[in-house]
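So you can see what is in the structure, the chains are spelled out below.
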Amino acid sequence: MEFSEFYESARDECLRVVLLNVGDRLLAEELVAEGFARAWMSWRKVRHLQVPQAWVVRVALNVNVSRWRRHRREVALGSHDRPAPAGQDAVMSGEVAAALGRLPLRQREVVTLRLLLDLDTETTARILGIAPGTVSAHLHKAVAALRSAIPRLDDQEVRK
Amino acid sequence: MNDDTALGTVRESLATARDSLTGVQMRTPLDSIVRNGRAARRRHRLLALMISTGAVAAVAVAALAVGLTGGTGSAHRAGTIRTAAFILVSHSDGTATLTINPLVLLDPGTLQSDLDQDGIPAMVTTGSFCSSEPQPAGLSDVVSSEPTPSGSGPVADPTITIDPAAMPAGTELSFGNFQAAGSQQTSLTLVSTGSYTCTSTPPALATPGIITLTNSQAAQ
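**Student:** What is the right way to read the overall build of chain B from this model?
**Tutor:** On a plain count of helices and strands, chain B comes out with 6 helices and 11 strands. Taken over 220 residues, chain B has a buried fraction of 44%. The long-range fraction of contacts in chain B, counting pairs at least 24 apart against all pairs at least 6 apart in sequence, stands at 59%. With the model as given, the accessible surface of chain B reaches about 10,800 Å², and the carbon-plus-sulfur share is 56%.

Given below as structure tokens:
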């Protein structure tokens, strides 16, 4: 597959997944563009991956965390200890984005790969370089945290 | 709620949120992605080269920092790399002039590294030539032959000018260097990045879409 074909076919999906994670349209576009630029740099390796868009999304999320850490050192954020989504570009799914944003990075990666990109446990484990059992453990904790952060999830279940 | 039910509920909620973003589309054009990738690769290789050669002097670090914070990828150094096998002159407009000495064996790694530093994505091979099918268009916009300067002596080494800004997205230059009797032949063409085949047979001199640098006079 050519890089241009990959970009055309995967860019929107990657953008939506990252947007759900960061909650800011412009930031998400910037992060995904960075992820694709790095994929272009490593295309000889990335093109052989089973799910190259997962590589792009993971890079985008990691870049976001790196930027946030750098920003945290430079600016006193007071009680804000997480990257803040929202702003004028906040999307309707901001509640989900906010809940995802409060997860530790590894849990967020697992949720993103397993539930948003619909990868199986083994593929997720391979991409993240961790054991399948560790993926399951992170997913279990993340699901519990998301249910706690978004009470309507439980309400939906009760109404069914 | 058991684990499977909770997982299913969260999955469903995330899928709903994701599907609500169907209208959200990436606006960044492919060319911009590739341009940023090239700029980043150039910076990384320059940094690696500086570290590997131990040339991390304060002045150089300061110069690099200026380049990193500039971040546009459009700044080009102007300078000359002179080896026994080739001379690569970088111009401030981003183009580069390459002169190959057919009498000296070319080191492909050195040339590829130096081209990369000048923002020219290239693959340099010895004893083989790589090409894509179909061949990307635009070679004549990227590479032009230099007229031989008058009075430069009896031996005129082949010279070309390369304009990396004219390279179509997703392409790189393929240089295939072959040793002939007493001289060398270097053929070049545009290939699609990551999609090409290589052959150990030198291309014929007048093959369309392939530029071949040779100098029989120098080889005599």
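**Student:** Quick question: what am I supposed to make of empty space enclosed by the protein here?
**Tutor:** A probe matching the size of a water molecule, rolled over the atoms, marks out where space remains unfilled. Residue and element names in this part refer to chain B. Counted under the stated rule, the structure contains 2 cavities of 30 Å³ or more. By volume, the largest cavity is sized at about 50 Å³. When residues in the lining of the largest cavity are grouped by element, the largest group, 4 residues, is from helix H2 (residues 30-52). Split by residue class, the lining of the largest cavity holds 2 nonpolar, 1 polar and 5 charged.

**Student:** What exactly am I supposed to notice about the packing of aromatic side chains here?
**Tutor:** Given two aromatic rings, one states the distance between the centres and the angle between the planes to describe the pair. All names here are of chain A. Under the definition given, this model contains 6 aromatic pairs over all chains. When the centroid spacing of 4.8 Å and the interplanar angle of 90° are considered together, the rings of Tyr7 and Phe36 count as edge-to-face. A residue pair is termed long-range when its members are at least 10 positions apart, and Tyr7 in helix H1 (residues 3-22) and Phe36 in helix H2 (residues 25-41) qualify at 29 residues. Grouping residues by exposure puts Tyr7 and Phe36 together as buried. An aromatic cluster is defined as three or more aromatic residues linked by ring pairs; in this entry it consists of Phe3, Phe6, Tyr7, Phe36 and Trp43.

**Student:** Teacher, can you tell me more about the pattern of salt bridges here?
**Tutor:** Charged atoms that come close allow side chains of opposite charge to pair. Counted under the stated rule, the structure contains 9 salt bridges over all chains. A:Arg11 is paired through a salt bridge with A:Glu8; the nearest N and O atoms lie 3.5 Å apart. With a gap of 3 residues between them, A:Arg11 and A:Glu8 both fall in helix H1, about one helical turn apart. Judged by relative accessible area, which is 45%, A:Glu8 ranks as partly exposed. Close ionic contact of B:Arg18 with A:Asp118 constitutes a salt bridge, the shortest N to O distance being 3.8 Å. In this pair, B:Arg18 is assigned in helix H1 (residues 3-19) and A:Asp118 in the loop between helix H6 (105-116) and helix H7 (121-128), connecting two distinct chains. Take A:Asp118: its relative accessible area is 46%, and that puts it in the partly exposed class.

**Student:** In this structure, what is going on with the state of the cysteines? I would like to understand it.
**Tutor:** Here a disulfide denotes a covalent bond joining the sulfur atom of one cysteine to the sulfur atom of another. Residue and element names in this part refer to chain B. By the definition in use, this model includes 1 disulfide over all chains. Note that Cys130 is cross-linked by a disulfide to Cys198, the S-S spacing being 2.0 Å. The sign of the S-S torsion, about 100°, decides the handedness of the disulfide formed by Cys130 and Cys198: right-handed. With Cys130 in strand E5 (residues 129-131) and Cys198 in strand E10 (residues 197-199), this pair connects stretches of sequence that are 68 residues apart.

**Student:** Is there a simple way to think about the nonpolar core in this case?
**Tutor:** A general tendency of soluble globular proteins is for nonpolar side chains to be buried together. Counting 61 residues, the largest nonpolar core has A:Phe3, A:Val18, A:Phe36, A:Leu100, A:Val111 and B:Leu14 as the members making the most contacts within it. Broken down by element, the residue count for this core peaks at 11 residues, all from H1(A). Shared between two domains, this core takes at least three residues from each, and those domains are domain 1 (1-72) and domain 2 (92-152) of chain A. Not counting chain neighbours up to four residues away, the residues in contact with A:Leu100 comprise A:Leu20, A:Asn21, A:Arg108, A:Val111, A:Leu116, A:Leu146 and B:Leu14. One finds B:Ile81, B:Leu111, B:Leu115 and B:Leu188 within the second-largest nonpolar core, a separate group that totals 25 residues.

**Student:** Would you mind showing me how to read H7(A) here?
**Tutor:** One turn of the α-helix equals 3.6 residues, which is why residues spaced by three or four share an orientation. Residues and elements named next belong to chain A. Residues of H7 that are buried include every one of Thr121, Thr123, Thr124, Ala125 and Leu128, and no others. Residue Asp120 occupies the N-cap position of H7, its side-chain oxygen lying 3.3 Å from the main-chain nitrogen of Glu122. One or two positions beyond H7, positive phi appears at Gly129, with a value near 70°.

**Student:** Sorry if this is basic, but what is going on with the environment of B:Arg18 here?
**Tutor:** When its relative accessible area of 17% is taken as the criterion, B:Arg18 is described as buried. With sequence-adjacent residues up to four places away left out, B:Arg18 is seen in contact with A:Leu20, A:Leu115, A:Leu116, A:Leu117 and A:Asp118.

**Student:** I would appreciate a short explanation of the sheet that holds strand E1 (residues 79-82) of chain B in the present structure.
**Tutor:** Two strands in a sheet stick together by hydrogen bonds in their backbones, pointing the same way (parallel) or opposite ways (antiparallel). All names here are of chain B. Pairing in this open sheet of 5 strands is antiparallel, and the strands run E1-E2-E3-E7-E6 from one edge to the other. Edge positions in the sheet fall to E1 and strand E6 (143-145), since each has one partner strand and no second. Along the sheet, successive strands turn relative to each other by an average axial angle of 20°, direction set aside. In this sheet, strand E7 (residues 159-162) lies alongside strand E3 (residues 96-100) in antiparallel orientation, the contact comprising 4 bridges. Opposite Thr97, over in E7, you have Thr161 as the bridge partner.

**Student:** Help me out: how do you make sense of the interface of chain A and chain B in this one?
**Tutor:** When the parts come together, some accessible area is lost, and that loss is often what is quoted as the size of the interface. Each partner contributes residues to the interface: chain A has 42 residues there, and chain B has 39 residues. Roughly 3,700 Å² is buried in total at the junction of chain A and chain B, and carbon and sulfur atoms are behind 63% of that figure. Considering only the side of chain A, the residues that lose the most area to chain B are A:Arg16, A:Trp40 and A:Met41, jointly responsible for 19% of the buried surface there. Two residues, B:Glu172 and A:Arg44, come together in a salt bridge whose shortest N-O distance is 3.0 Å. Across the chain A-chain B interface, the total number found is 11 residue pairs in polar contact (both at pLDDT 80 or more). Elements with a minimum of two residues in the side of chain A that touches chain B: H1, H2, helix H3 (43-46), helix H5 (94-101), H6, helix H8 (132-149) and helix H9 (152-159) of chain A. Ranked by residue count, the leading element in the side of chain A that touches chain B is H1(A), at 9 residues.

What counts as what
Residues numbered from 1 in each chain as written. Chains lettered and ligands numbered in written order. Predicted model: local features only at pLDDT ≥ 70, side-chain atom pairs only at ≥ 80, totals over all residues. Heavy atoms only, no water. Helix = DSSP H or I, 4+ residues; strand = E, 2+ residues; numbered from the N terminus. Buried < 20%, exposed > 50% of the residue type's maximum accessible area, 1.4 Å probe, protein only. Contact = heavy atoms within 4.5 Å. Areas by Shrake-Rupley, 256 points an atom, 1.4 Å probe, with all protein chains shown as cover. 1 Å grid on protein atoms, 1.4 Å probe; cavity = no way out; pocket = protein on both sides within 12 Å on 5 of 7 lines; lining within 4 Å. Points joined across faces, edges and corners; volume = space filled by probe spheres on them. Nonpolar A, V, L, I, M, F, W, Y, C, P; charged D, E, K, R; others polar. Phe/Tyr/Trp six-rings, centres within 6.5 Å; stacked < 30°, edge-to-face > 60°. Salt bridge = Lys/Arg side-chain N within 4 Å of Asp/Glu carboxyl O. Disulfide = S-S within 2.5 Å. Core = buried A, V, L, I, M, F, W, Y, C linked by side-chain atoms within 4.5 Å. Domains from an automatic or database assignment. Polar contact = N/O pair within 3.5 Å; in protein donor to acceptor, adjacent residues only side chain to side chain. Pairing = 2+ DSSP bridges. Axes fitted to C-alpha atoms, helices over the stretch in contact; angles between N-to-C directions. Buried area = accessible area lost by both parts, 1.4 Å probe.

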